[in-house]
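Understanding the architecture of this molecule
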Amino acid sequence: MLYIALPMLYSTRAMGNTGTKRNDWIESVRVLAMLLIIMFHMPASELPVADEHCLSSVILSFMFQPAASLFVFFFLAGYFTKKNMAVKKWLYRIVALLVPYFIWNGLFAFGLNDEITWGRVFGIGAGSFICADYPLWFVLAVIYMTVFWPIWRFSPEIAAVVCLVMSLCGNSWHCELLTHLPMPRPVDFLIFLCGVCAGRVSLDVLQKIFVYLFVPLLFILIIGKYYYSIPCLDIVAAALLLSFMACVSRVCPCVVRFAAKYSYAVFLSYATHAGVIFLLGKLYQAYFTQYATLVREMYIPLTFLLFIFNVLAFRLMCRFVPWLLPFIAHSGKLFWTRKQNTTRVAGSC
């Protein structure tokens with residue numbers, strides 16, 4: 001298979017301790033995390049804010065969204081980033097991330113209503129992660145983490161300790177240059193490096209560990225959420241997402257297999273959902289403001305509809321313009337060879 005697998009939205013179709021074997025557990029976790037991120041961003045547009053007692057608000061609040069989902073992606077990014085990978089693969093990975101990052105932010109620049117500058121559009125050298133396609137600050141963070149691979153690869157454990165110390169000291173690098181780039185937060189880098197260290201364990205073993213952790217993690221989250229002030233509950237919520245899907249894969253594997261089938265649309269959903277939500281907000285303000293109460297209750301179905309939209313868009317591109325997928329959907333080979341001159345995407349083409 002010629003699936004690239006973004007370190008942030010990594011798919012086990014590409015690499016890892018299971019080779020090219022597809023792991024439904026990881027694929028389904030990616031889909032679930034993506035759905036939660038989409039739901040969180042719904043009120044970031046001109047759509048009405050959901051009532052705090054509705055189901056979507058309860059889920060997002062209890063699961064510390066979007067922090068928990070982002071931590072899941074950071075952890076998976078690290079897990080599938082091997083410290084002994086070849087330099088050629090390292091360089092290719094950076095380029096394969098940069099290309100869709102620049103394309104999507106360049107397209108979203110046309111929707112900005114403020115300054116059009118390099119820092120504002122791409123979030124580089126702006127002292128902030130926010131870019132034109134604002135959810136893609138995450139991709140920029142993973143790019144930085146990957147760029148620093150020649151440094152942390154010698155000892156991810158020591159690098160993780162450094163990030164832990166920096167996280168406890170204000171979650172800052174205490175360096176103006178790194179802030180201006182901007183570098184990912186120490187806690188984000190820490191979760192990534194924890195994934196790198198966990199990469200020594202096979203996916204099967206890791207899944208078993210998370211199955212056993214489900215009850216303790218749920219207990220900690222409930223106690224910390226409603227009875228005591230426990231730090232790092234967003235990290236606990238991230239682990240609970242992994243643990244929840246690990247348990248579902250044992251109890252009801254058909255559900256996990258069904259969700260995993262559509263994981264190929266995760267990156268495309270990540271890149272497009274902010275723009276689609278923005279357009280939905282404009283339509284709402286123009287024609288549907290009288291249905292504010294109904295819209296507030298529609299966040300969950302709207303989330304699924306938006307993801308389905310990206311699934312269909314991906315399949316259409318896969319059928320008619322497959323050469324476009326590596327550039328905007330991070331799927332397929334970015335550079336073709338004579339022996340491999342077509343793009344194939346597992347489960348869709």
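Residues numbered from 1 in each chain as written. Predicted model: local features only at pLDDT ≥ 70, side-chain atom pairs only at ≥ 80, totals over all residues. Heavy atoms only, no water.

Once that is clear, we can look at the layout of surface pockets. If you roll a probe as big as a water molecule over the atoms, it shows you where there is empty space left. Estimated volume of the largest pocket: approximately 700 Å³. Lining the largest pocket are 24 residues; nearest its centre among them are Val 31, Leu 32, Leu 35, Met 245 and Phe 304. For the lining of the largest pocket, the secondary structure elements donating two or more residues are helix H1 (24–41), helix H2 (55–62), helix H11 (203–226), helix H12 (233–251), helix H13 (253–260) and helix H16 (299–320). Counting residues per element, the lining of the largest pocket draws most heavily on H1, at six residues. Its residues placed into classes, the lining of the largest pocket shows 23 nonpolar, one polar and no charged. (1 Å grid on protein atoms, 1.4 Å probe; cavity = no way out; pocket = protein on both sides within 12 Å on 5 of 7 lines; lining within 4 Å. Points joined across faces, edges and corners; volume = space filled by probe spheres on them. Helix = DSSP H or I, 4+ residues; strand = E, 2+ residues; numbered from the N terminus. Nonpolar A, V, L, I, M, F, W, Y, C, P; charged D, E, K, R; others polar.)

Closest axis-to-axis distance for the helix H14 (residues 266–287)/H16 pair is 9 Å, and the angle between their directions is 120°. Our classification of the angle between H14 and H16 gives oblique. In the crossing of H14 with H16, the sense of the turn from one axis to the other is right-handed. Residues Val 266, Leu 268, Ser 269, Thr 272, His 273, Val 276 and Ile 277 of H14 lie in contact with H16, whose contacting residues are Leu 306, Phe 307, Phe 309, Asn 310, Ala 313, Phe 314 and Met 317. (Axes fitted to C-alpha atoms, helices over the stretch in contact; angles between N-to-C directions. Parallel < 35°, antiparallel > 145°, perpendicular 65-115°, else oblique. Left-handed = near helix turned anticlockwise from the far one by under 90°. Contact = heavy atoms within 4.5 Å.)

Note: α-helices contain 3.6 residues per turn, so residues at a spacing of three or four share the same orientation. Across its 19 residues, H12 extends 26 Å between first and last C-alpha, which sits within 8% of the 27 Å expected from 1.5 Å per residue. Burial analysis of H12 places 14 of its 19 residues in the buried class, which makes it a mostly covered element. (Expected span 1.5 Å × (residues − 1). Buried < 20%, exposed > 50% of the residue type's maximum accessible area, 1.4 Å probe, protein only.)

What follows is about the packing of helix H3 (residues 67–79) against helix H10 (residues 186–198). The contact between H3 and H10 brings their axes to 6 Å, and the two run at 45°. In terms of their interaxial angle, H3 and H10 are classed as oblique. For the element pair H3 and H10, the recorded crossing hand is right-handed. Residues Phe 71, Phe 74, Phe 75, Ala 77, Gly 78 and Tyr 79 of H3 pack against Val 187, Asp 188, Ile 191, Phe 192, Cys 194, Gly 195, Val 196 and Ala 198 of H10. Residue composition of the contact of H3 with H10, by class: 11 nonpolar, two polar and one charged.

Glancing now at the packing of aromatic side chains. Aromatic rings in a pair are described by how distant their centres are and how their planes are angled relative to each other. Inspection of every chain in the model, using the stated rule, returns 25 aromatic pairs. Ring geometry for Phe 138 versus Tyr 270: centroids 6.0 Å apart, planes at 50°, classification tilted. Linking Phe 138 in helix H6 (residues 137–147) with Tyr 270 in helix H14, this pair joins segments that are 132 residues apart in sequence. Taking the relative accessible area as the measure of exposure, Phe 138 reaches 0% and is therefore buried. The class of Tyr 270 is buried, set by a relative accessible area of 1%. On the basis of an interplanar angle of 40° and a centroid distance of 6.5 Å, the ring pair of Phe 214 and Phe 244 is categorised as tilted. In this pair, Phe 214 sits in helix H11 while Phe 244 sits in helix H12, placing the two residues 30 residues apart along the sequence. Connected via pairs of aromatic rings, a cluster forms that spans Phe 73, Phe 74, Trp 137, Phe 138 and Tyr 270. For Lys 82, the ring lying beneath its charged end belongs to Tyr 79, and the centroid distance is 4.8 Å. (Phe/Tyr/Trp six-rings, centres within 6.5 Å; stacked < 30°, edge-to-face > 60°. Lys NZ or Arg CZ within 6 Å of the ring centre and 35° of its normal.)

Taken as a whole and assessed by the stated rule, the structure comprises five salt bridges. The residue Arg 30 makes a salt bridge to Glu 27 at a minimum N-O spacing of 3.0 Å. Remark: Glu 27 and Arg 30 occur in helix H1; sequence separation between them is three residues, near one turn of the helix. In this pair, the class of Arg 30 matches that of Glu 27, namely buried. Salt-bridge contacts for Glu 157 lead to Arg 200; the nearest nitrogen and oxygen are separated by 2.4 Å. Residue Glu 157 is found in helix H8 (residues 156–168), and its partner Arg 200 is found in the loop between H10 and H11; the two are separated by 43 residues along the sequence. (Salt bridge = Lys/Arg side-chain N within 4 Å of Asp/Glu carboxyl O.)

Looking at the secondary structure, you find Ile 220 in helix H11. By relative accessible area, which is 35% here, Ile 220 ends up partly exposed. Residues Ile 220 and Val 236 lie 16 residues apart in sequence; the distance between their C-alpha atoms is 7.7 Å. Residues in contact with Ile 220, not counting those within four places in the same chain, are Ile 230, Leu 233 and Val 236.

What follows covers the nonpolar core. If you look at the biggest cluster of nonpolar residues, it comprises 107 residues, and the most contacted ones within it are Trp 25, Phe 74, Phe 189 and Phe 307. Apart from the residues lying within four places of it in its own chain, the contact partners of Phe 189 are Met 145, Phe 148, Trp 152, Cys 163, Trp 173 and Met 183. (Core = buried A, V, L, I, M, F, W, Y, C linked by side-chain atoms within 4.5 Å.)

A separate point is the confidence of the model for the protein chain. A residue-level look at the protein chain finds 89% of positions with pLDDT of 70 or above and a mean pLDDT of 87. A low-confidence stretch, residues 1–5 (pLDDT under 50), is modelled with 27 contacts involving residues beyond four sequence positions or located in other chains. Taken as a whole, residues 13–20 scores under 50 in pLDDT and shows 30 contacts with residues more than four places along the chain or in a different chain. (pLDDT = per-residue confidence, 0-100.)

With an omega of 5°, the peptide bond running from Gln 65 to Pro 66 counts as cis. With a phi angle near 55°, His 174 is a residue other than glycine that sits in the positive phi range. Of note, the phi angle at His 330 is positive, near 50°, even though the residue is not glycine. By the element assignment, His 330 lies in the segment after helix H17 (325–328). Judged by relative accessible area, His 330 falls into the buried class, the value being 3%.

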